[in-house]
Amino acid sequence: MTDLYPSRVADQPQWLARKDPVIHSDWHSESPLSQAQHEAFERDGFLVLENVFEADEIATLQAEMNRLRGIPATLDPQTIVAEPSSGALRSIFAVHQQSALLGRLAADERLVAIASHILGDEVYLHQTRLNYKPGFDGKEFYWHSDFETWHTEDGMPRMRAISMSVQLVDNFEFNGPLMLMPGSHRNFVTCVGETPEDHYKQSLRKQEYGVPDRDSLAKLAEQHGIVAPTGPAGSVVIFDCNTMHGSNGNITPYPRANAFMVYNAWANRLEKPFGAERPRPEFIAAREQVKRLVPASGSLAQQVRAA
């Protein structure tokens, strides 16, 4: 397959114009987003939705978050990622396969309908994880475009994937929130340096390859600015796979946590990696164990009570 977005192949970074649509569906009155939301995502490359989930649903998700924080024996050890210095829990990957509730969340029609609208296709889960950023010890995550890694190391052909971050606690401007550069999704900034073997073992803790150069980041910030969306628990941050984003460390007593789902278009399933000798493991980038998501309706809290 032709590499439309070559990265980690030259000794100097390049800016490549985006070759894919941002939204693959036209807006109409039955769309799951309002016209203003549709246009905002097209323009900015991200969107924040509040009041997506009811209070009892949020409480149910928080209880599951706390249960999984105890690292039950049912979790696959390779999916557990610790903070690089403190050893505190940072992420649990493939969480939709290890928690019935989070699997149900990932399939929720309120999320899947939006993903299908933006991507113009049926969707599947490329990656899921439960992210923790503990108080005092939560480390930063450097600026990056997810697509650069998904394309180079996983073999995702086109920019036809989105991320949804369901906030499980209140998100403040001071506890290391997600930061984004609005409009940065329009250009692909290539990175320098060949991909090391088994790079994921380091990058999940601290990424050093597949990160943009400082001059490009400064130019992007000057052109687009930086925003840090905040909101109460239950808010959902949706962003394009190529939107430049990162987060500061959390030195406050207030932890952050979110359930993170990556939806990929069914027509955009993974090929051979474009810049790595072998693909990352299945729990990071679904390749073999993929199936179209069937949207699920109803309350998450009722789902738990029924189970």
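See the structure shown above.
I will try to describe carefully the structure that is included in this document. Here the structure is a predicted model, which is why all the values come from computation and not from measurement.

Rules and cut-offs
- Per-chain numbering applies: the sequence of each chain, read as written, is numbered from 1 onward.
- With pLDDT at 70 or above as the cut-off, local features in this predicted model cover only qualifying residues; side-chain atom pairs require 80 or more to be listed or tallied, and sums for whole chains, interfaces and linings still use all residues.
- Only hydrogens and water are set aside when side-chain values are computed; all heavy atoms of the structure are taken into account.
- Residue exposure (1.4 Å probe, protein chains only): buried if accessible area is under 20% of the type maximum, exposed if over 50%, otherwise partly exposed.
- Strands here mean DSSP runs of E at least two residues long; helices mean DSSP runs of H or I at least four residues long; both are numbered from the N terminus.
- Two strands pair under a simple rule: DSSP has to find at least two bridges between them.
- Axes, fitted as lines to C-alpha atoms, cover a helix only where it is in contact. Angles between the N-to-C directions of the axes lie from 0 to 180 degrees.
- Contacts are residue-level and defined by heavy atoms, with any inter-residue pair within 4.5 Å sufficient.
- Take the residue count of a helix, subtract one, and multiply by 1.5 Å to get its expected span.
- The directions from the helix axis to the C-beta atoms form the arc being described.
- Stacked, edge-to-face and tilted labels apply to pairs of Phe, Tyr and Trp rings (six-membered ring for Trp) whose centres lie within 6.5 Å, assigned for plane angles under 30 degrees, over 60, and everything in between, in that order.
- By the criterion applied in these results, polar contacts are pairs of N or O atoms within 3.5 Å in which, for protein atoms, one can donate a hydrogen and the other can accept it, and in which residues neighboring in sequence qualify only through two side-chain atoms.
- We call a pair of cysteine sulfur atoms a disulfide whenever their separation is within 2.5 Å.

## A look at the pairing of strand β10 (residues 236–240)
Along any regular strand, the residues point their side chains to alternate faces of the sheet.
Piece 1. Across the five residues of β10, five count as buried, placing the element largely inside the fold.
Piece 2. Here β10 shows two buried faces, one formed by V236, I238 and D240 and the other by V237 and F239.
Piece 3. Taken together, the four bridges between strand β2 (residues 46–49) and β10 define a ladder with antiparallel strand orientation. Across the sheet, residue V48 finds its bridge partner in β10, namely V237.
Piece 4. In terms of strand pairing, strand β7 (residues 161–167) meets β10 through five bridges, oriented antiparallel. Across the sheet, the residue bridging to S163 is F239, located in β10.

## Thoughts on the sheet that holds strand β4 (residues 89–93)
Piece 1. The seven strands lie next to each other as β2-β10-β7-β12-β5-β4-β3, forming an open sheet whose pairing is antiparallel. Of all the strands in the sheet, the pair left with one neighbour each is β2 and β3 (80–82). Strand-to-strand, the axes of this sheet are offset by a mean angle of 15°, without reference to chain direction.
Piece 2. Pairing analysis gives 10 bridges linking strand β5 (residues 123–133) to strand β12 (residues 256–265), with the strands arranged antiparallel. By the bridge assignment for β12, Y132 is matched with A257.
Piece 3. Most of the contacts of helix α1 (residues 35–44) go to β2, to which it runs at about 140°, and overall it touches β2, β7 and β10.

## Section: helix α2 (residues 55–69)
Piece 1. Over its 15 residues, α2 runs 21 Å from end to end, which matches the ideal 21 Å to within 8%, given 1.5 Å per residue.
Piece 2. Residues of α2 that are buried: E57, I58, T60, L61, E64, M65 and L68. Across the axial projection of α2, the buried residues extend over an arc of 160°, all falling on one side.
Piece 3. Immediately beyond the C-terminal end of α2, within one or two residues, lies I71, with a positive phi of roughly 50°.

## Focus: the packing of aromatic side chains
Piece 1. Scanning the entire structure with this criterion turns up nine aromatic pairs.
Piece 2. Aromatic side chains F147 and F188 sit 5.9 Å apart centroid to centroid with 75° between the ring planes, which places their arrangement in the edge-to-face category. With F147 in helix α5 (residues 146–154) and F188 in strand β9 (residues 187–189), this pair connects stretches of sequence that are 41 residues apart.
Piece 3. By relative accessible area, which is 0% here, F147 ends up buried.

## What to know about the sheet that holds strand β8 (residues 178–180)
Piece 1. Sheet architecture is open: three strands sit in the order β6-β11-β8, paired in antiparallel fashion. Looking at which strands have only one partner, the edges of the open sheet turn out to be β6 (141–144) and β8. Shown here is a sheet whose adjacent strand axes are inclined to one another by a mean of 20°, direction ignored.
Piece 2. Sheet topology places β6 next to strand β11 (residues 245–247); two bridges connect them, and they run antiparallel. Bridged to F141 within β11 is S247.

## Section: the side chain of S235
Piece 1. Locating S235 in the fold gives a position in the loop between α7 (214–224) and β10.
Piece 2. A polar contact of 2.7 Å, which involves the side chain of S235, links it to the backbone oxygen of P232.
Piece 3. Among all residues touching S235, those that are not within four sequence positions of it are L49, E50, S165, V166 and Q167.

## Topic: unusual backbone geometry
Piece 1. For I71, which is not glycine, the phi torsion reads 50° and is therefore positive.
Piece 2. Counting through the fold element by element, I71 comes out in the loop between α2 and β3.
Piece 3. You will see that A94, though not glycine, has its phi angle at about 50°, which is positive.
Piece 4. Along the chain, A94 falls in the loop between β4 and α3 (100–106).
Piece 5. By relative accessible area, which is 5% here, A94 ends up buried.

## Overview of the side chain of H144
Piece 1. Positionally, H144 belongs in strand β6.
Piece 2. Among the polar contacts listed, one links the side chain of H144 to the backbone oxygen of Y142, at a separation of 2.8 Å.

## As for the state of the cysteines
Piece 1. Summed over the entire model, instances satisfying the criterion amount to zero disulfides.
Piece 2. Of the cysteine sulfurs around C191, a residue in no disulfide, the closest is that of C241, at 14 Å.
Piece 3. By relative accessible area, which is 4% here, C191 ends up buried.

## Looking at the environment of E83
Piece 1. Note that E83 resides in the loop between β3 and β4.
Piece 2. E83 sits in the buried class, given a relative accessible area of 2%.
Piece 3. For E83 and R280, which are 197 residues apart along the polypeptide, the C-alpha to C-alpha distance reads 20 Å.

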